[in-house]
Amino acid sequence: LFLLWPYYKLSPKSLRNLSISLDGQSLVGSIGPGAFAFCSSLKSIELPEELTAISTGVFFHCVNLSSVTLGDKIKWIGRVAFASCESLETITFSDRLNDISLGAFRDCKALKSIYFKSSSVPTGDNEMFFNHEKKRKIYVPYESIGKYIKASYWNTYAQDIVAYDYASGKPVETISFYDGWTE
């Protein structure tokens, strides 16, 4: 990817919209650490389907980044990958996400809607969403809400976790448990 920069005479600081593909074909299999850090004019990104990991600090301090489209194969998000993206409001993770590293979304103060499609709770830590707006909601599959709330590294966010029905596209207002319910 970096070989393209001099050829097209682009400056990472002047990027506004980023789509890493050409005619629908991915240009990269991975993005190196800090590749787009401090791109203050970057407003939206669309990552390729083939991408499975987002390295450490890739989009660190992209203060105007408000729209992120992640590929469905993302399994890992590195340390401070999106930290200090102050304009980021919503993000959706596929059901393949396994791990969110330390401070991945730290200081994303506008982040209010976080959607997890996985019924398996991704590993994380108490600082993955540190220092956010108190009105944030973390939407998880309604059949897995108990798993998310009980996971030790998610207990910090228990008050923010909301059951979500992805089939209807709506939060679940009430959940009924029967006596034989197990996780």
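Structure first, text after, so check above.
Residues numbered from 1 in each chain as written. Predicted model: local features only at pLDDT ≥ 70, side-chain atom pairs only at ≥ 80, totals over all residues. Heavy atoms only, no water.

Here we look at the state of the cysteines
By the definition in use, this model includes zero disulfides. Not part of a disulfide, Cys85 finds its nearest cysteine sulfur in Cys62, a span of 5.1 Å. In this structure Cys85 comes out as buried when scored by relative accessible area, which is 0%. (Disulfide = S-S within 2.5 Å. Buried < 20%, exposed > 50% of the residue type's maximum accessible area, 1.4 Å probe, protein only.)

Some words on the pairing of strand E8 (residues 90-93)
Of the two faces of E8, only one is covered, namely that formed by Ile91 and Phe93; the face formed by Thr90 and Thr92 stays uncovered. Relative to strand E10 (residues 113-116), E8 is paired through four bridges, and the arrangement is parallel. Of the residues in E10, the one forming a bridge with Phe93 is Phe116. (Helix = DSSP H or I, 4+ residues; strand = E, 2+ residues; numbered from the N terminus. Pairing = 2+ DSSP bridges.)

Brief notes about the pattern of salt bridges
Should the charged atoms of two oppositely charged side chains come close, the side chains can pair. Scanning the model with the defined rule gives three salt bridges in all. Among the salt bridges present, the one from Arg106 reaches Asp107, with a minimum N-O distance of 3.8 Å. Assessed through its relative accessible area of 27%, Arg106 is described here as partly exposed. (Salt bridge = Lys/Arg side-chain N within 4 Å of Asp/Glu carboxyl O.)

Topic: the sheet that holds strand E7 (residues 76-77)
Strand order in the open sheet made by the three strands is E5-E7-E9, with parallel pairing throughout. Each edge of the open sheet carries a strand with a single partner, namely strand E5 (53-54) and strand E9 (99-100). For E7 and E9, the ladder comprises two bridges, and the chain directions are parallel. Across the sheet, the residue bridging to Ile77 is Ile100, located in E9.

These figures capture arrangement, not role.
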